[in-house]
Amino acid sequence: MRLALISDIHANRQALEAVLADIDRQNVDAMACLGDIVGYGADPIACIDLIQDRAPVAVVQGNHDEYVAGERSLADINPVAGLATLWTRQQLDEARRHWLASLPLTARVGDDIELVHASLLDAAGWMYVRFLDDGVLTMAAQKARFCFYGHTHRPMAFRQRDAGVEHLQDSHYDVETGDRWLVNVGSVGQPRDGDWRAAWTLLDTDAGTITLHRVEYDLEECMARILAAELPERLARRLALGQ
Ligand code: ZN
C-alpha cells in the first residue's frame, strides 16, 4: 500500500493544492490527514472542502480544529492563534464546524498504522513530540508498528530497533523487519523547519520506505490572502521563513 500522509494544513489553500497535485503524481492508494486543517491561514472553507472531496481513509482532529469547532475560551492560547481562531469561527458555517468537532483524536489504518495529531500518550493534551525523550514516551503508548503524527510542524522520525529508540531527521527511511516507527509527517501549510516548501509523507509498505516530499507553492498569493483577510501580518511573514 502507498499511503499519503498530510498534516497541519492551517487553511493554506495554495500549499494544499500543490501537495494534492504532487500526491496525484505519486500513484497513492489512499490518503490520511492528521489534523489542523484550519487556523492561521485565510482559506479554511476551501481547505475543509478539498480534504472532504478526497474522502481520506482517516482524518484526526488537531488542536486548532478543536479551538475553531468549539466554544472554549481562548484565554490560554497564544494571542495570534486566538485571533486566527476567532476569525476562522466567523468564516465557517455550522456544518463545517460540526464536521471539525466530530473528528476523532486517533485513528487506525489496518493493523499496522496509528494516527494522531500530537501524541498517543495524551491525545487530547496536545503534547509536543520534539526530542528523543518525547519519542520514547510516545512509543511506549504505541500499539501498532507505525504511528504518524504532526503538531510540531517539523518532520522527524523515531525508530525503535532492538531495545533502543533513535531520533532521526532524514527525508528518506528504509523500513526493516522488526523496526517500529513514530514519524512526524511535516506541515503542509506552515512548515517550521526552516524550509518554506509544503511537506507531506509517503509510506510504501511494499517497498518498505517512508519518504518526505517537499513541494513549492504560490507563497505570494497565500501571503496576500492572509493580509487581505486582516489576519496578523506575522502569519504571512513566517511562511516565507519556514518558521
Ligand atoms: Zn498545527
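Residues numbered from 1 in each chain as written. Predicted model: local features only at pLDDT ≥ 70, side-chain atom pairs only at ≥ 80, totals over all residues. Heavy atoms only, no water.

One finds I6, I9, I37, I51 and L100 to be the most contacted residues of the largest nonpolar core, which totals 46 residues. Of all the elements, helix 1 (residues 13-25) adds the most residues to this core, at six residues. The contacts of I51, once residues within four sequence positions are left out, are I6, I9, L16, M31, C33, I37, P56, V59 and W99. Among the nonpolar cores identified, the runner-up in size contains 22 residues, and A30, L34, V60 and V175 belong to it. (Core = buried A, V, L, I, M, F, W, Y, C linked by side-chain atoms within 4.5 Å. Buried < 20%, exposed > 50% of the residue type's maximum accessible area, 1.4 Å probe, protein only. Helix = DSSP H or I, 4+ residues; strand = E, 2+ residues; numbered from the N terminus. Contact = heavy atoms within 4.5 Å.)

Its boundaries defined by the atoms lining it, the largest pocket holds a volume of some 240 Å³. Lining the largest pocket we find 18 residues, and of these Y40, N63, H64, N78 and Y128 sit closest to its centre. Breaking the lining of the largest pocket down by element, the ones donating at least two residues are helix 3 (63-69), helix 4 (79-91) and helix 8 (233-241). No other element matches helix 3, which puts three residues into the lining of the largest pocket. When the residues that make up the lining of the largest pocket are grouped by side-chain class, the tally is seven nonpolar, six polar and five charged. (1 Å grid on protein atoms, 1.4 Å probe; cavity = no way out; pocket = protein on both sides within 12 Å on 5 of 7 lines; lining within 4 Å. Points joined across faces, edges and corners; volume = space filled by probe spheres on them. Nonpolar A, V, L, I, M, F, W, Y, C, P; charged D, E, K, R; others polar.)

Attention now moves to the pairing of strand 8 (residues 164-168). Where strand 7 (residues 156-161) lies against strand 8, five bridges are found, and the strand directions are antiparallel. Opposite F158, over in strand 8, you have H167 as the bridge partner. (Pairing = 2+ DSSP bridges.)

To continue, consider the side chain of N63. Position of N63 relative to the elements: it lies in helix 3. At a separation of 3.3 Å, a polar atom in the side chain of N63 contacts the side chain of H151. Apart from the residues within four sequence positions on either side, N63 is in contact with D36, H117, W126 and H151. (Polar contact = N/O pair within 3.5 Å; in protein donor to acceptor, adjacent residues only side chain to side chain.)

With that settled, consider the sheet that holds strand 11 (residues 198-204). Strand order across the open sheet formed by six strands is 3-2-1-11-12-9, with mixed pairing between neighbours. Each end of this open sheet is capped by a strand with a single partner; those strands are strand 3 (58-59) and strand 9 (172-174). Strand direction decides the pairing type here: strand 2 (residues 30-33) and strand 3, joined by two bridges, are parallel. The partner of C33 across the bridge, within strand 3, is V59.

The subject of this paragraph is the packing of helix 7 (residues 219-228) against helix 8. Look at helix 7 against helix 8: their axes get within 8 Å of each other, and the N-to-C directions meet at 170°. Taken together, the axes of helix 7 and helix 8 are roughly antiparallel relative to one another. Where helix 7 abuts helix 8, its residues L219, C222, M223, I226 and L227 lie against E233, L235, A236, R237, L239 and A240. Its residues assigned to classes, the contact of helix 7 with helix 8 shows nine nonpolar, no polar and two charged. (Axes fitted to C-alpha atoms, helices over the stretch in contact; angles between N-to-C directions. Parallel < 35°, antiparallel > 145°, perpendicular 65-115°, else oblique.)

Within the first shell, the zinc ion binds the protein through D8 (OD), H10 (NE2), D36 (OD) and H153 (NE2), at distances of 2.0 to 2.3 Å. Around the zinc ion sit four donor atoms; with metal-centred angles ranging over 84 to 177°, the donor geometry is irregular. Of note, the zinc ion draws all its donor residues from one chain, in the sequence arrangement D-x1-H-x25-D-x116-H. Residue D36 is found in the loop between strand 2 and helix 2 (44-53), and its partner H153 is found in the loop between strand 6 (146-149) and strand 7; the two are separated by 117 residues along the sequence. Per residue, the accessibility class of D36 equals that of H153, and both read buried. (Donors = N, O, S within 2.8 Å, 3.2 Å for Na, K, Ca; no water. Tetrahedral: all angles 85-135°; square planar, octahedral: opposite > 155°, others 65-115°.)

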